[in-house]
Structure formats: structure tokens, C-alpha cells
Amino acid sequence: MKLARTIAELNLILDPFRAKKANVGFVPTMGALHAGHISLIKLAKAENEMVVCSIFVNPTQFNDPKDLERYPRPIEDDKHMLEAAGCDVLFMPAVKEMYPDGDYSTLKDDFGTLDKVMEGISRPGHFAGMITIVNKLFMAVMPQNAYFGQKDFQQLSIVKNFIEKHTIPIRIIACPIVREADGLAMSSRNRLLNPDERKRAVIISQTLFKVKEMWSKTPVAEIKKFVEDVFTKEGYLKLIYFEIADTQTLQPIAGNAKQAVACIAVFDGKIRLIDNVLLTA
Ligand code: AMP
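Just so you know, these numbers come straight off a predicted model, no measurement behind them. (Residues numbered from 1 in each chain as written. Predicted model: local features only at pLDDT ≥ 70, side-chain atom pairs only at ≥ 80, totals over all residues. Heavy atoms only, no water.)

As a further point, take the packing of aromatic side chains. Summed over the entire model, instances satisfying the criterion amount to five aromatic pairs. Seen in terms of ring centroids, phenylalanine 138 and phenylalanine 148 are 6.3 Å apart; in terms of plane orientation they differ by 85 degrees. Their pairing is edge-to-face. Of this pair, phenylalanine 138 sits in helix 7 (residues 126-141) while phenylalanine 148 sits in strand 5 (residues 145-149), and the two are 10 residues apart along the sequence. Note on accessibility: phenylalanine 138 and phenylalanine 148 belong to one class, buried. (Phe/Tyr/Trp six-rings, centres within 6.5 Å; stacked < 30°, edge-to-face > 60°. Helix = DSSP H or I, 4+ residues; strand = E, 2+ residues; numbered from the N terminus. Buried < 20%, exposed > 50% of the residue type's maximum accessible area, 1.4 Å probe, protein only.)

Here we take up the sheet that holds strand 8 (residues 260-268). With respect to topology, three strands assemble into an open sheet ordered 7-8-9, the strand pairing being antiparallel. Since the sheet does not close on itself, it has two edges, and those belong to strand 7 (238-246) and strand 9 (271-278), each with one partner. On average, each strand axis in the sheet is inclined to that of its neighbour by 15 degrees, with strand direction left out of account. Two strands pair when backbone bridges link them, and strand 7 and strand 8 are joined in this way by eight bridges, in the antiparallel orientation. The residue of strand 8 that forms the bridge with leucine 239 is valine 266. Of the strands in this sheet, strand 7, strand 8 and strand 9 are in contact with helix 10 (residues 202-215), which crosses strand 9 at around 25 degrees. The strands that helix 11 (residues 220-234) touches are strand 7 and strand 8; relative to strand 7, the one it contacts most, it runs at about 160 degrees. (Pairing = 2+ DSSP bridges. Axes fitted to C-alpha atoms, helices over the stretch in contact; angles between N-to-C directions. Contact = heavy atoms within 4.5 Å.)

As far as domains go, the protein holds domain 1 (2-175) and domain 2 (188-274). Relative to domain 2, the C-alpha centre of domain 1 lies at a distance of 26 Å. Taken together, the contacts link 23 residues of domain 1 with 21 residues of domain 2. In total, about 1800 Å² of surface goes out of reach between domain 1 and domain 2, with carbon and sulfur atoms giving 58% of it. A per-residue breakdown of the area domain 1 buries against domain 2 is headed by Arg70, Met118 and Phe153, which together make up 34% of the total. The interface formed by domain 1 and domain 2 includes two salt bridges. Taken together, the connections running from domain 1 to domain 2 amount to 10 residue pairs in polar contact (both at pLDDT 80 or more). Broken down by secondary-structure element, the contributors of at least two residues to the side of domain 1 that touches domain 2 are helix 3 (65-70), helix 6 (119-122) and helix 8 (153-165). With three residues, the top contributor of residues to the side of domain 1 that touches domain 2 is helix 8. When its residues are assigned to classes, the side of domain 1 that touches domain 2 shows 10 nonpolar, seven polar and six charged. (Domains from an automatic or database assignment. Buried area = accessible area lost by both parts, 1.4 Å probe. Salt bridge = Lys/Arg side-chain N within 4 Å of Asp/Glu carboxyl O. Polar contact = N/O pair within 3.5 Å; in protein donor to acceptor, adjacent residues only side chain to side chain. Nonpolar A, V, L, I, M, F, W, Y, C, P; charged D, E, K, R; others polar.)

And the structure:
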């Protein structure tokens, strides 16, 4: 695996492949890699001649400075995992490479309804920061295919919308959520949980799986009440939001819809976790 720390180094590595019209598959990450990330790398590897993974903890998408500070950065482990998965290039730029001259300005795209719900309300500025770095990384890597996890369902919707709106010639591939054996969605933040918090976290996915069972036969208001009660009773985990949304518009839905996703955000102690489950095929 080759390592590029600057866009110039990345171009030196990729230019010969671009000249041969080799397909480049791209997996943007913030590192602290786990099997969820690796599933994206493996799919990219199967579909492209060249796989680039980026590790960049993007300051503009963190609305809580403490969250940014404590974000895990186990870079040597990450490198080993990427090597083992067959990643060809690791792009690991410094903050000043992606935000030259300390200019942290973000794109002001209008995503209509997509960023006015759930994470968009809960984390002001998060999606502007996210799309800014994704756009910068797309411009640097210029992939044919880019791989995103459904774990961040709203992020995936916004990236797809951005690509379509600006007619950017990159195919966005959605990848299923990879879970721990007990059902917890894999996340870099899971490693920040203490053993007690880690045990409690399983309630998040268990609740979503129960919601999926209830979905076809229970009114939405009743499902929401069920979820609120679970977290009130549990007492330690704090529900930030639970929403049943249309998979296309991300607008909350009141009754049964053709395409629905149940999304949740929870504080487990100081650690913010998100998860979702598709309610319809
Ligand atoms: P992150 O490093 O958290 O920014 O995630 C990088 C990419 O990996 C994003 O597209 C995420 O949606 C995806 N990802 C994170 N966790 C999972 C998971 N458990 N299963 C599948 N994809 C994931």
C-alpha cells in the first residue's frame, strides 16, 4: 500500500493509472477502522482496479470540540487493516492540506429537506462540513466509484443529492451496515465506551429490530412512544431523537409508507451513537 500525505503525492501515484483509464474506487473515512470500513474497502477492491482510502478527521464537521479532540486515531492499526484488505493507496492529508491558509469556510449548498431533520437539527453545521470535505476529497482523488455506509443514512442521502445536483461523474455505492455479534452497529466511537456503556449500547439496535417487527402492524405514534419508554426506563442512555422517515425525502412519516427507515441517535454517557434500520425492502 502506498501512502500519500499531499494532493501532489496522490497525483504522482494515481496519474499513471488514470492515463491507463483504470477505475479508481474511493472510500473516505475518519480512521479508527473496523470491519464496517473494511467491508467498503473490500467491495471497492472487487469493483475497481485501484482502491484509495482516505483517513482525515475533518474538523469542520464536528460541532463539539471535545468530540473532535477525543476522536480515536490508532493510525498504525489502521494501516495494517488497510494492507490486509488490499487497499492500494492511503491518502492521509494534514489539516492544512485540506484547509489551506486556515480557511475553514464550508460550502453553502441547499439540500432542501434532507438536512433539516435528524442529524441536521441535532448537529448544526455538520453536513456543511461533511460535504465540504467530501467534495475536496472527490476533487483530489477523482474516483469513478465512491463507497459510503448506510450506517450514516442521512449523510449518504446528502452525498447522492450533491452528486446529482452538480452532475459530478462519480457513482455512489451504498453499503450495508456491519454489526457486532450482539447487533451493535460498528462505529469508531464504540471504542470510547467503557465496558458498562458498551453492554448498554446493545439496547439501541435491539430497539430498532423491535421497531422493524412492529412496523407493519403498529401506528407510528405508538412505535415512537414504545421507543421513548425503552430509553426512559433504561435511564442511562439518553435518546437524542428517534424518527421514522421516508428513505427518499427523509421527512418524518405518519402512516405506513412504501420506503421507510427508522433512525436513532443516543448519548451513551458522553459518546454519541447513531444507528438505523430499513423498515421496507
Ligand atoms: P467514518 O470513518 O465514521 O466517517 O465512516 C467512513 C465510512 O464508513 C462512511 O461511509 C460510513 O457510513 C461507513 N461506515 C461506518 N460504520 C459502518 C458500519 N458499521 N457498516 C458499514 N459502513 C460503515
